[in-house]
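# Tertiary structure, described
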Protein chains: 2
Amino acid sequence: MNNELSKSERTRRFILEKTADIFNTKGYAGTSLADLTEATGLTKGSIYGNFANKEDVALAAFDHNLSVVIQAVQERMQQAPTYYQKLFVYSQFYYDSIRTSFPVGGCPILNTAIEADDTNSLLKNRAAKAILSWKKNIVDLIKAGVASGEFRTDVDPDQTALSIIALIEGGIMIARVTNSLTSLDKVLKTVEMLLVQLKV
Amino acid sequence: MNNELSKSERTRRFILEKTADIFNTKGYAGTSLADLTEATGLTKGSIYGNFANKEDVALAAFDHNLSVVIQAVQERMQQAPTYYQKLFVYSQFYYDSIRTSFPVGGCPILNTAIEADDTNSLLKNRAAKAILSWKKNIVDLIKAGVASGEFRTDVDPDQTALSIIALIEGGIMIARVTNSLTSLDKVLKTVEMLLVQLKV
DNA sequence: TCTCAAATATACCATTTGGTATTTTGTTTC
DNA sequence: GAAACAAAATACCAAATGGTATATTTGAGA
C-alpha cells in the first residue's frame, strides 16, 4: 500500500484520536494504561511500540488537542475582515465551545497548565508555550490594528492580551465547575468590553 | 488530658496541616496514601482511623486550604474603609500571593475545579460552592457600594464579580505555568480598571 | 508468492495502589 | 492500679499500576 501515511503513523494518530479526550478529561495522573488500551482496543505492546511511555502519549495527546482547537479558531478568524472582528472571534468561539462541549473535558491548555505546573515539566512547558503563542497572536492582532488606524495608539497590547486569555480561561473554569453557561457569557461580555475599548 | 481538642481531633488537624499542600500541588489522583503517611509520619491505620478513605482526606484538605485563604483575605478586607478599597484587597492579595507562593500549589479552588469537574462530583461541588460564595461576596460588596452612593447605579454586579474571579484565576494560571509574575500583575491591572469603572 | 521487517499481541514482572482486620499502645475513668 | 475504651501500628490483601521481553502476526516490497 502506497498510502500517504505509514502504518505506524496511522496507528499513532489512531491512538491519539481515541485517547486525547481521556487525557483531557481525567488528566495525566488520572489516566491509566488500561484506559488507553480500552479506548483503542489495542494492547499495551502496540501502544508501547508507537510511544516511549505514558508521558509520551500524553504529550502527543496534548499537541493533538491543542491543534484541533487552534485550527477551529483560525478558520473563523480568517473570515473576519477587521482586527476588531478577528479578536471578537475568541468570544464567539468560546461561547459556542462551552455549549457544544468542545473539546471534551474543557480547554486543554487550562487543564494541562493546572495539573502539570508543579508535577510535570514537559507538559508544563507545552502548556506554557501554548499560552505564550496565544498571547503573541493577540498582541500581533492588536498591534496590527493600531498600525492600521483601527485601534487607539495608547492601548497596552500585553495587558489586553493577557486579560482576554485570563477572562476566557477563568470563565471556562467557572462555567464548567458551576454548570453555568451564563457565567461564561457574562465573562465574555467583559472580553468584548475590552475589545470595544481598543477602538479609536 | 482535658485539652481543648480531643486526641482524634488533634491528629485530624495534624494530618490536614501536613497533607493540604500535597493535595493542592499533586491533585487528588496524583496524591497517594504513601504520600500521606510519608508527610505525616503516621501509618495507614492511623489515617484510616481518622478518615473514611483518601477522598475524605482530600475533601477535608480542600476545606482547610480554602479556609486559610478566606481568612487571610478577610483580615485585610476588614481594615479597608470603602467598598472600593475592600474590593481592591483582592488585587493586592493575589499580587502578594503569587510572590510568597501562598498557598503552596496555587489556588485550591482553581486546582480542584479543573481536576474534579469531570472526575469527582464531591470535590467538584466543594469547588463550585467556593466559587459561588466568592461571587456572592463580591456582588454583595458592589450592591452595598451602590446603595451607599459610592458606586454607579448602572453596574452589572454579576458580570463584574464573575469577571474579577475569572481574571484572578486565569491570571494565576498564566503566571504559574509561564513562571511570570508580571503576567499576573498586568491582569490585576485590568481588575483594578473594572473597579475604577464602578465608581460614580 | 515469498521474505523479512515492522507492527501487534501475549505473557509476564516488580512495585504501588487503596483499603482492612487485627494487634498493640496509649489514655481515661472508676 | 485495673478495667475499659480510644487511637495508632502492624501485617496483610487483592487489584491495578507502568513497563518489558518475547512470541506471533501482519503487510508491504522484491
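Residues numbered from 1 in each chain as written. Chains lettered and ligands numbered in written order. Predicted model: local features only at pLDDT ≥ 70, side-chain atom pairs only at ≥ 80, totals over all residues. Heavy atoms only, no water.

### Considering the interface of chain A and chain B
- Facing 41 residues of chain A, the contacting portion of chain B comprises 41 residues.
- For the chain A and chain B pair, buried surface summed over both sides reaches about 3,500 Å², with 70% attributable to carbon and sulfur atoms.
- Of all residues in chain A, Ile114(A), Met173(A) and Val177(A) give up the largest surface area on contact with chain B, accounting jointly for 17% of the area buried on that side.
- Run the count over chain A and chain B and you get six salt bridges.
- Between Asp158(A) and Lys186(B) there is a salt bridge, with the nearest N and O atoms lying 3.5 Å from each other.
- Joining chain A to chain B, the criterion identifies ten residue pairs in polar contact (both at pLDDT 80 or more). (Contact = heavy atoms within 4.5 Å. Buried area = accessible area lost by both parts, 1.4 Å probe. Salt bridge = Lys/Arg side-chain N within 4 Å of Asp/Glu carboxyl O. Polar contact = N/O pair within 3.5 Å; in protein donor to acceptor, adjacent residues only side chain to side chain.)

### Quick look at the packing of aromatic side chains
- For the coordinates displayed, the defined rule picks out ten aromatic pairs over all chains.
- When the centroid spacing of 4.9 Å and the interplanar angle of 90 degrees are considered together, the rings of Phe93(A) and Tyr94(A) count as edge-to-face. No difference in accessibility class separates Phe93(A) from Tyr94(A), as the two residues are buried.
- Clustering of aromatic rings is evident, with ring pairs tying together Tyr90(A), Phe93(A), Tyr94(A), Phe102(A) and Trp134(A).
- Over the ring of Tyr95(B) we find Arg99(B), and its NZ or CZ is 3.7 Å from the ring centre. (Phe/Tyr/Trp six-rings, centres within 6.5 Å; stacked < 30°, edge-to-face > 60°. Buried < 20%, exposed > 50% of the residue type's maximum accessible area, 1.4 Å probe, protein only. Lys NZ or Arg CZ within 6 Å of the ring centre and 35° of its normal.)

### Looking at the protein's contact with DNA strand D
- For DNA strand D, the set of nearby residues contains 17 residues, the closest of which are Leu33(A), Lys44(A), Tyr48(A), Lys54(A) and Thr11(B).
- Taking all atoms of DNA strand D within 4 Å of the protein, the share assigned to sugar and phosphate is 70%.
- Leu33(A) has a polar backbone atom sitting 2.7 Å from a phosphate oxygen of DNA strand D.
- When residues of the surface near DNA strand D are traced back to their parent elements, those giving at least two are helix H2 (33-40) and helix H3 (44-50) of chain A together with helix H1 (7-30) and helix H3 (44-50) of chain B.
- When grouped by side-chain class, the residues that make up the surface near DNA strand D number five nonpolar, nine polar and three charged. (Near = heavy atom within 4 Å. Helix = DSSP H or I, 4+ residues; strand = E, 2+ residues; numbered from the N terminus. Nonpolar A, V, L, I, M, F, W, Y, C, P; charged D, E, K, R; others polar.)

### Some remarks on the packing of helix H8 (residues 157-178) of chain A against helix H9 (residues 181-198) of chain A
Residue and element names in this part refer to chain A.
- Interaxial distance between H8 and H9 falls to 8 Å at its minimum, and their mutual angle equals 170 degrees. For the element pair H8 / H9, the angle class is roughly antiparallel. Note on element contacts: H9 touches H8 through Ser183, Leu184, Val187, Leu188, Thr190, Val191, Leu194, Leu195 and Leu198, opposite Thr160, Ser163, Ile164, Leu167, Ile168, Gly171, Ile172, Ile174, Ala175 and Thr178.
- Here the residues of the contact of H8 with H9 sort into 13 nonpolar, six polar and no charged. (Axes fitted to C-alpha atoms, helices over the stretch in contact; angles between N-to-C directions. Parallel < 35°, antiparallel > 145°, perpendicular 65-115°, else oblique.)

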